Amino acid sequence: MPLVTGPLRGMAAAALALALAVTVAGCSGLPSADGDWQAARAAERIADDIAAHSENVPRITVPEMIAWWIPQSPTPAEPGMAIVEPLAWSGESAGSQATIDIRVDVDVEAHSSAQIFGKSWSAGSATRCFRLEWVRYEPARRSEIACPEGPAPARPQPAARPDLTQADQDRVAAILVGHTTAADAAGALREAFPEEYVTVETDEADDGVVAAVGIPAELECILALRDSTGAVTFPSFRRVSLEPGEIGCSTELYTDPPF
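Summary of the structure given here. Model, not experiment: these values are computed from the prediction. (Residues numbered from 1 in each chain as written. Predicted model: local features only at pLDDT ≥ 70, side-chain atom pairs only at ≥ 80, totals over all residues. Heavy atoms only, no water.)

Turning our eyes to something else, we now look at the nonpolar core. One finds I102, V104 and V106 to be the most contacted residues of the largest nonpolar core, which totals 30 residues. Those elements that provide at least two residues to this core are α2 (35-51), α3 (62-69), β2 (80-90), β3 (97-108) and β4 (124-135). The element that contributes the greatest number of residues to this core is α2, accounting for eight residues. Residue contacts for I102: discarding those within four places in its chain leaves A47, I50, I70, V84, E85, P86, L87, R128, C129, F130 and L132. With 17 residues, the next largest nonpolar core counts L164, A185, V198 and V213 among its residues. (Core = buried A, V, L, I, M, F, W, Y, C linked by side-chain atoms within 4.5 Å. Buried < 20%, exposed > 50% of the residue type's maximum accessible area, 1.4 Å probe, protein only. Helix = DSSP H or I, 4+ residues; strand = E, 2+ residues; numbered from the N terminus. Contact = heavy atoms within 4.5 Å.)

Below is the structure:
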């Protein structure tokens, strides 16, 4: 193959330089090189990430969905940063149907790649608003809505949820030690836990007393056994038994376990 020399070599070099210039110019005209385009796509990804949550069971409220699933501080939104604000919400709980409108503001800094064919883009920003609609146990359906003017409303504050603590477990144990019959223990436990949302069951078992103290709405349960020697233990059980439709927090978790 003959070598390219003289004027021909110069012409070849010029042609290569022109081809590279055209290629680079063409790349700079791609949508991905525009910062506003990058920001808009990042806003969509943020909305999709929020919509992907499907833990919308009946016991989760809409204010809790907002608190747990929607970032409260600036959050990474490659290749920028996003601020997400809830604009409106409805639905009594995620277990039925819940609707949350959000606004996503994304800012992207300019980026220039050091590589010839690396990705580069200009600075940009985007504000997109979305409606997320959940039904029970399903990811949300996302649709774009017009962004309202003005600031977002204050976020709703979830109500504090009751729970059963180590102190409650110690209280149950002390009551079982001090009461020798299931009936006596039941009365003392009800006095110790008078709240309507707390359930109390007792039964005779293994020449002793078994007690179940629970908060059904929170899937909380203390299962305790005082045996014939007076020692108190806390038998294990499968947590799935506390789910709606299952046996719940009951002494049968010990006397007649479902599994």
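The subject of this paragraph is a negative patch on the surface. On the surface, E201, D203, E204, E252 and D256 cluster together to form a negatively charged patch. It is strand β6 (residues 199-205) that contributes the most residues to the negative patch, three residues altogether. Structurally, E201 can be placed in strand β6. By relative accessible area, E201 is classed as partly exposed at 32%. (Patch = residues over 30% accessible without salt bridge, like charges linked within 9 Å, V, L, I, M, F, W, Y side chains within 5 Å. Areas by Shrake-Rupley, 256 points an atom, 1.4 Å probe, with all protein chains shown as cover. Salt bridge = Lys/Arg side-chain N within 4 Å of Asp/Glu carboxyl O. Lys, Arg positive; Asp, Glu negative; His and termini not counted. Charge placed at Lys NZ, Arg CZ, Asp CG, Glu CD.)

The next thing to look at is the environment of R128. Relative to the elements of secondary structure, R128 occurs in strand β4. Spatially, the C-alpha atoms of R128 and A43 are 6.5 Å apart, while their sequence positions differ by 85 residues. Ignoring anything within four residues of it in the chain, the contact list for R128 reads A40, R41, A43, E44, I102, R103, V104, E144 and C147. There is a polar contact of 3.2 Å between the side chain of R128 and the backbone oxygen of A40. Among the polar contacts listed, one links the side chain of R128 to the side chain of E44, at a separation of 2.7 Å. (Polar contact = N/O pair within 3.5 Å; in protein donor to acceptor, adjacent residues only side chain to side chain.)

Counting across every chain of the model gives 10 salt bridges. Between R128 and E144 there is a salt bridge; the shortest N-O distance is 2.5 Å. Residue R128 is located in strand β4, and its partner E144 is located in strand β5 (residues 141-145); the two are separated by 16 residues in the primary sequence. By relative accessible area, R128 is classed as buried at 11%. Overall, E144 belongs to the partly exposed group, its relative accessible area being 46%.

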